[in-house]
Amino acid sequence: MIKGFVFDLDGVLTDTAEYHYLAWQELGEKIGISIDRVFNEQLKGISRMDSLDRILAYGNKSMIYSKEEKIRLADEKNEEYKKLITKISSRDLLPGIKEFMADLKQADMKIALASASKNGPDILNQLGIAGLFDTIVDPAALTHGKPDPEIFIKGAKQLGLSPKECIGVEDAEAGIQSINAAGMFSVGVGTQESMKLADVFVSNTTQLDFVAILNKAQKK
Ligand code: B16
Ligand code: MG
């Protein structure tokens, strides 16, 4: 029986992908690596350090920086990102999310956050929905990032549930892989092509329908 939902943040609850992109692009310019929106797709759901590693590999600069220098570069990107997200408010909740979460609460579903973002708790506060979450997985305490199942397994555990009792919601391919590998029913928000591994997919957040999703999950 389904008793909980485990949510990704960026791309599901609000659209911060553009801000991550702008901040990485600015850092890329400083170090001579030019990235575009197509490349940025690969960074969705990927942790800050893993994202930097992918950008450096893309620019053939993996060997240039020491560990300390990479930490400094990642910090620089995060400072820029934090400047860009200061204005986020409840107006930035993706359409339909408020209603979808109200339906979950009405049905007594437990709710967890499984975001790779260390800025997750601040963003939930800014969006005005922090109080709806029973628990937040700390991405700093993870051994492996998405697509590894660890973050979704922890989300379920922190709710006191098994993965089979939860539904995971994601917008990134790496995130859907993480949910599936955790043994959870997966709901993808995105194109059919990018969400081909999801148990159910919707093309945008207005189409998230609690009853329809629950029916499909219970049939699986
Ligand atoms: P931060 P999600 C992910 O969030 C983003 O999709 C990804 O682009 C970002 O690099 C990652 O969080 C880390 O974010 O630098 O704020 O710690 O999609 O897992 O909610
Ligand atoms: Mg995401």
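Thresholds applied
Residues numbered from 1 in each chain as written. Chains lettered and ligands numbered in written order. Predicted model: local features only at pLDDT ≥ 70, side-chain atom pairs only at ≥ 80, totals over all residues. Heavy atoms only, no water. Donors = N, O, S within 2.8 Å, 3.2 Å for Na, K, Ca; no water. Buried < 20%, exposed > 50% of the residue type's maximum accessible area, 1.4 Å probe, protein only. Pairing = 2+ DSSP bridges. Helix = DSSP H or I, 4+ residues; strand = E, 2+ residues; numbered from the N terminus. Contact = heavy atoms within 4.5 Å. Axes fitted to C-alpha atoms, helices over the stretch in contact; angles between N-to-C directions. Domains from an automatic or database assignment. Buried area = accessible area lost by both parts, 1.4 Å probe. Salt bridge = Lys/Arg side-chain N within 4 Å of Asp/Glu carboxyl O. Polar contact = N/O pair within 3.5 Å; in protein donor to acceptor, adjacent residues only side chain to side chain. Nonpolar A, V, L, I, M, F, W, Y, C, P; charged D, E, K, R; others polar.

Caption draft 1: Local environment of the coordination of the magnesium ion (ligand 2). D8 (OD), D10 (O) and D171 (OD) make up the full set of protein donors to the magnesium ion (ligand 2), lying at 2.1 Å. Sequence positions of the donors to the magnesium ion (ligand 2) reduce to the motif D-x1-D-x160-D. Of the two residues examined, D8 and D10, each falls in the buried class.

Caption draft 2: The arrangement of the sheet that holds strand β4 (residues 166-170) in detail. Strand order in the open sheet formed by six strands is β3-β2-β1-β4-β5-β6, with parallel pairing between adjacent strands. With partners counted over all chains shown, the strands left at the sheet margins are β3 (135-136) and β6 (200-202), one partner each. Both strand β1 (residues 4-7) and strand β2 (residues 110-113) contribute to a ladder of four bridges, which runs parallel. Looking at β2, one finds that F5 is bridged to I111. Contacts between helix α8 (residues 173-182) and the sheet are confined to β4 and β5 (185-189), with β5 contributing the most and set at about 170° to the helix. Packing of helix α9 (residues 210-219) onto the sheet brings it into contact with β1, β4, β5 and β6, and relative to β5 it is tilted by some 140°.

Caption draft 3: Spatial organisation of the domain arrangement of the protein chain. Assigned domains of the protein chain: these are domain 1 (4-15 + 90-219) and domain 2 (17-87). Using C-alpha coordinates to define each centre, domain 1 is positioned 24 Å away from domain 2. Approximately 1100 Å² of surface area, both sides summed, lies buried where domain 1 meets domain 2, with 45% of it carried by carbon and sulfur atoms. Among the residues domain 1 hides against domain 2, the three largest losses belong to D15, N119 and Q126. Together they make up 38% of the total. Counting the contacts that link domain 1 with domain 2 gives zero salt bridges. Viewed at the interface, domain 2 and domain 1 are joined by five residue pairs in polar contact (both at pLDDT 80 or more). A per-class count over the side of domain 1 that touches domain 2 returns four nonpolar, two polar and six charged.

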